[in-house]
Amino acid sequence: MKSDFNKKVSVISEDILEIKIDLENSTIKGSELYWHLAEHLLSNQNDIEVIASEEMVSVRSKTIPMDANGIESSISSFDLSSIIQVDEVLEIPICYEQISISDIKEVSKQLKLTVNEIISIHSSAVYEVKAIGFTPGFSYLGDLDERISVPRLIKPRTDTPVGAVGIANNRTGIYCLGGPGGWPIIGITPINYFNLNDSHSLKLKPGIKINFKEIGKDEFRSIQDEK
Amino acid sequence: MAIQFLKTGLQTTVQDLGRAGSRHIGIPQSGCFDYVSSMKANEILGKEINSPVLECTMTGPQFKVLKDIQACVSGARINQITIDGVKVEQNKVLSLKAGNIFTADVVQENLRFYIAFSKNIQATQFLDSVSTYLPGRLGGINGSKIENDQIIDFEEARQKNSSYQSSGKYPDDLLTSIIRVVKGPEFQLLNNGSSSLESHNFSVSNESNRMGIRTGGDRFSIDDQGLMKSKPIYPGTIQCSNGGQPIIMGADAQTLGGYPRILQVIKADRHLLGQLRPNDNFVFKLVSIPEAIDAWRTLKKANPFICEL
């Protein structure tokens, strides 16, 4: 049975449209709903690509003019009740000890908190995956405690290592593939959460809850060696 | 073995038409920035339109031919292309013999040109594409730009009959002084709306790359507190920083962006973004969605080999 929901479809350009759904009476969070809607559309429509953000799904059609009616009816066949909510919390090991590019000391000065206070605040919360994107596999996690909220770096890095964990505004995030990045880095996880050869095996996706478990350098290395 | 690079040029990478379809997991499209020019080079050689090519930026490479092969150069107008010192033309089938030295020097106007070959460049396949994505070190030759002494190998490729009919006029239509756009989702944050849009003059900043084209020159007046949640973006999406400076997203654009998306470059003009060169001047022209559809049809009519991507 299909769930009832109110949708708003906005045509942006000759090949792009955006879908927002009225979530007022829903227990499902936008980030999770849009992720599942995006996957649903991808499996139902040919010649499109999709992006799920916290507030919408964007669809780009490779063909012009785009098949807006087809996309609309695909949205209508989306079953909200197909979303299985997971309560499990995934534990992510993180090493806060000085890695080559850590910004944790600068963050500590900026916030007037000790490094240990930052670690304690960052590792004591449960976060939710809010969105995947920006660079390959990057996961936006929130909400970050406002006591350790810092702005993005003034000059973004061109190369951030795989597994680096950054913070910015009310989000923390994991750089799954490395690449450019503008978030101050405070730690690194030895686990690669992004299997590039299989996009369906994403371990982190919107709706999943996580927390960070502090590990030392030795444990970091031994987990890395296991791989 | 087929060619060996003696000079690399400013930034020479292997590209095809990219990996559209994995944007939901943060994978940028990549691929030839000016894909119309790369498709043309492949078409002239009778190659599949998606075949890998060399994308050359500003200055071209010099390479030694190790085994006979055909090539074709399309895109930005190059000052001079030579084979063993003898001048040859763009948009023509060039027969390269073992021992020849091929040289493409600097572009006279625009920015990027493409070298297609009669055989397929061997490069790293990732998500059905060999396109190089430099920031993530994916695809291409070791995920990076071509280096000195690099040897590129080729494999046999299927040939088809070329249907390319040259219009006989040169240069190619790579006019970048007017970039046509439609309103973006956050257009309403611009304080003067569409009234003064077309009177703003922009220049291309030196800090531009395949991820994005930064602009200098005029600024928009925008009402943005910088607190927006990251929103979906594509190649051709124009974000505007709180300072009012537009940034046009390029072929390697990230998938989510935090600045208001004030405009979207229409599909018919997106390939031209790859030809905007630092210090070039341009203006935006606002068009309607039906006009954008017509513009794409017109482009396809003039270049029947273009495929949807």
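This section reports on the structure supplied with the text. As the structure is a computational prediction, the values presented were derived from the model and not from experiment.

Reading the values: the criteria
- Every chain is numbered on its own, with residues counted from 1 as its sequence reads.
- The order in which chains are written sets their letters, starting at A; the order in which ligands are written sets their numbers, starting at 1.
- Totals for whole chains, interfaces and linings use all residues, but because this is a predicted model, local features are given only for residues with pLDDT of at least 70 and pairs of side-chain atoms are given and counted only at 80 or more.
- Each side-chain value is worked out from all heavy atoms of the structure, with water and hydrogens disregarded.
- Two strands are counted as paired when DSSP detects at least two bridges linking them.
- Helical segments are the DSSP runs of H or I of at least four residues, strand segments are the runs of E of at least two, and each set is numbered from the N terminus.
- Helix axes use the C-alpha atoms of the stretch in contact, all axes being lines fitted to C-alpha atoms, and the angles between their N-to-C directions lie in the range 0 to 180 degrees.
- Oblique is the label for any angle not covered by the other classes, which are roughly parallel (under 35 degrees), roughly antiparallel (over 145) and roughly perpendicular (65 to 115).
- Each helix crossing is assigned a hand: it is left-handed if the near helix lies turned anticlockwise from the far helix by less than a right angle, otherwise right-handed if that turn is clockwise.
- It only takes one pair of heavy atoms within 4.5 Å for two residues to be counted as in contact.
- All amino acids are sorted into three groups, where Ala, Val, Leu, Ile, Met, Phe, Trp, Tyr, Cys and Pro are nonpolar, Asp, Glu, Lys and Arg are charged, and the leftover types, Gly among them, are polar.
- Accessible area is worked out with a 1.4 Å probe on protein chains only. A residue is then buried under 20% of its type maximum, exposed over 50%, and partly exposed in between.
- Polar contacts, as counted here, are pairs of nitrogen or oxygen atoms within 3.5 Å of one another; within protein the pair requires one atom able to donate a hydrogen and one able to accept it, and residues that are adjacent in sequence qualify only if both atoms are side-chain atoms.
- Any Phe, Tyr or Trp ring, taking Trp's six-membered ring, that has another such ring centre within 6.5 Å forms a pair; planes under 30 degrees apart are called stacked, those over 60 apart edge-to-face, and the others tilted.
- By the criterion adopted, a ring carries a charge over it if an Arg CZ or a Lys NZ lies within 6 Å of its centre and within 35 degrees of its normal.
- Summed over both partners, the accessible surface that disappears when two parts come together, traced with a 1.4 Å probe, is what is meant by buried area.
- Here a salt bridge means any side-chain nitrogen of Lys or Arg lying within 4 Å of a carboxyl oxygen belonging to Asp or Glu.

## Digging into the pairing of strand 16 (residues 212-217) of chain B
Residue and element names in this part refer to chain B.
Logical step 1: Pairing between strand 15 (residues 202-204) and strand 16: three bridges, direction antiparallel. Each bridged residue has a counterpart across the sheet, and for S203 the counterpart in strand 16 is G216.
Logical step 2: In terms of strand pairing, strand 16 meets strand 19 (residues 246-249) through three bridges, oriented antiparallel. In the strand pairing of strand 19, I213 is matched with I248.

## With respect to the packing of helix 1 (residues 30-44) of chain A against helix 2 (residues 68-76) of chain A
Residues and elements named next belong to chain A.
Logical step 1: Between helix 1 and helix 2, the shortest axis-to-axis distance is 10 Å and the interhelical angle comes to 125°. Taken together, the axes of helix 1 and helix 2 lie oblique to each other. Two packed elements cross with a definite hand, and for helix 1 against helix 2 that hand is right-handed. Contacts between helix 1 and helix 2 pair L37, H40, L41 and N44 from the former with I71, S74 and I75 from the latter.
Logical step 2: Residues of the contact of helix 1 with helix 2, tallied by class, amount to four nonpolar, three polar and no charged.

## Examining the environment of I121(B)
Residue and element names in this part refer to chain B.
Logical step 1: Along the chain, I121 falls in strand 11 (residues 120-121).
Logical step 2: It is 23 Å that separates the C-alpha atoms of I121 and E308, two residues lying 187 residues apart in sequence.
Logical step 3: Beyond its immediate chain neighbours, meaning those up to four positions away, I121 contacts V14, P52, V53, L54, I152, D153 and F154.

## A closer look at the packing of helix 3 (residues 104-111) of chain A against helix 4 (residues 115-124) of chain A
All names here are of chain A.
Logical step 1: Helix 4 packs onto helix 3 with a crossing angle of 95° between their chain directions and a minimal axis gap of 9 Å. With respect to helix 4, the axis of helix 3 lies roughly perpendicular. Of helix 4, the residues touching helix 3 (which contributes I104, V107, S108 and L111) are V115, I118 and I119.
Logical step 2: When the residues that make up the contact of helix 3 with helix 4 are grouped by side-chain class, the tally is six nonpolar, one polar and no charged.

## Comments concerning the sheet that holds strand 16 of chain B
Logical step 1: Taken together, seven strands build a closed barrel; the order of strands is 14-21-18-19-16-15-22 (chain B) and the barrel is mixed. Strand-to-strand twist across the sheet, computed as the mean angle between neighbouring axes with direction ignored, equals 40°.

## Examining unusual backbone geometry
Logical step 1: The omega angle of the peptide bond from I64(A) to P65(A) is -5°, so this bond is cis rather than trans.
Logical step 2: As for its placement among the helices and strands, P65(A) is situated in the loop between strand 4 (57-61) and helix 2.
Logical step 3: A cis geometry characterises the amide bond from G142(A) onward to D143(A), with omega recorded as -5°.
Logical step 4: Residue placement: D143(A) occurs in the loop between strand 7 (139-142) and strand 8 (157-160).
Logical step 5: The backbone of M58(B) sits at a positive phi, close to 65°, despite the residue not being glycine.
Logical step 6: One can find M58(B) in the loop between strand 3 (53-57) and strand 4 (62-65).
Logical step 7: Unlike most non-glycine residues, N279(B) shows phi in positive territory, near 80°.

## Overview of the side chain of N120(B)
Residues and elements named next belong to chain B.
Logical step 1: On the secondary structure map, N120 appears in strand 11.
Logical step 2: Residue N120 is classed as buried on the basis of its relative accessible area of 18%.
Logical step 3: Within the local environment of N120, its side chain forms a polar contact with the side chain of K47, the two groups lying 2.9 Å apart.
Logical step 4: Look past the residues within four positions of N120 in its chain and what remains in contact with it is K47, S51, P52, D153, F154, E155 and A157.

## Digging into the packing of aromatic side chains
Logical step 1: On inspection of all chains with the given rule, the structure shows 14 aromatic pairs over all chains.
Logical step 2: Judged by centre distance (5.8 Å) and plane angle (80°), the ring pair of F134(A) and F138(A) falls under edge-to-face.
Logical step 3: Seen from their ring centres, F202(B) and F282(B) are 5.9 Å apart, and the 35° between their planes marks the pair as tilted. Of this pair, F202(B) sits in strand 15 while F282(B) sits in strand 22 (residues 281-286); the two residues are 80 residues apart in sequence, bridging distant segments of the chain. Grouping residues by exposure puts F202(B) and F282(B) together as buried.
Logical step 4: Joined through ring pairs, the aromatic side chains of F134(A), F138(A), Y140(A), Y175(A) and W183(A) make up one cluster.
Logical step 5: Seen from the ring of W296(B), K267(B) lies directly overhead, with NZ or CZ sitting 4.5 Å from the centre.

## Focus on the interface of chain B and chain A
Logical step 1: Each side of the interface is counted separately: chain B has 42 residues, and chain A has 42 residues.
Logical step 2: Of the roughly 3600 Å² buried at the junction of chain B and chain A (both faces included), carbon and sulfur atoms supply 62%.
Logical step 3: A per-residue breakdown of the area chain B buries against chain A is headed by H24(B), I25(B) and Y234(B), which together make up 20% of the total.
Logical step 4: Linking chain B to chain A there are five salt bridges.
Logical step 5: When the shortest N-O distance is used, the salt bridge between E18(A) and R261(B) registers 2.6 Å.
Logical step 6: The interface formed by chain B and chain A contains 12 residue pairs in polar contact (both at pLDDT 80 or more).
Logical step 7: Looking at the side of chain B that touches chain A, the elements that each hand over two or more residues are strand 14 (178-183), strand 17 (231-232), strand 21 (261-265), helix 2 (267-270) and helix 3 (289-302) of chain B.
Logical step 8: Take the side of chain B that touches chain A: its biggest share by element is five residues, from helix 3 of chain B.
Logical step 9: Among the residues making up the side of chain B that touches chain A, the classes are represented as 23 nonpolar, nine polar and 10 charged.

## Comments concerning helix 1 (residues 35-44) of chain B
Residues and elements named next belong to chain B.
Logical step 1: The buried fraction of helix 1 amounts to 10 of the 10 residues, a majority that puts the element mostly inside the structure.
Logical step 2: Inspection of helix 1 places Y35, V36, S37, S38, M39, K40, A41, N42, E43 and I44 among the buried residues, and these make up the whole buried set.
Logical step 3: Check the buried side of helix 1 and you find it contacts strand 3, strand 5 (69-75), strand 10 (112-117), helix 2 and helix 3.
Logical step 4: Immediately beyond the C-terminal end of helix 1, within one or two residues, lies G46, with a positive phi of roughly 75°.

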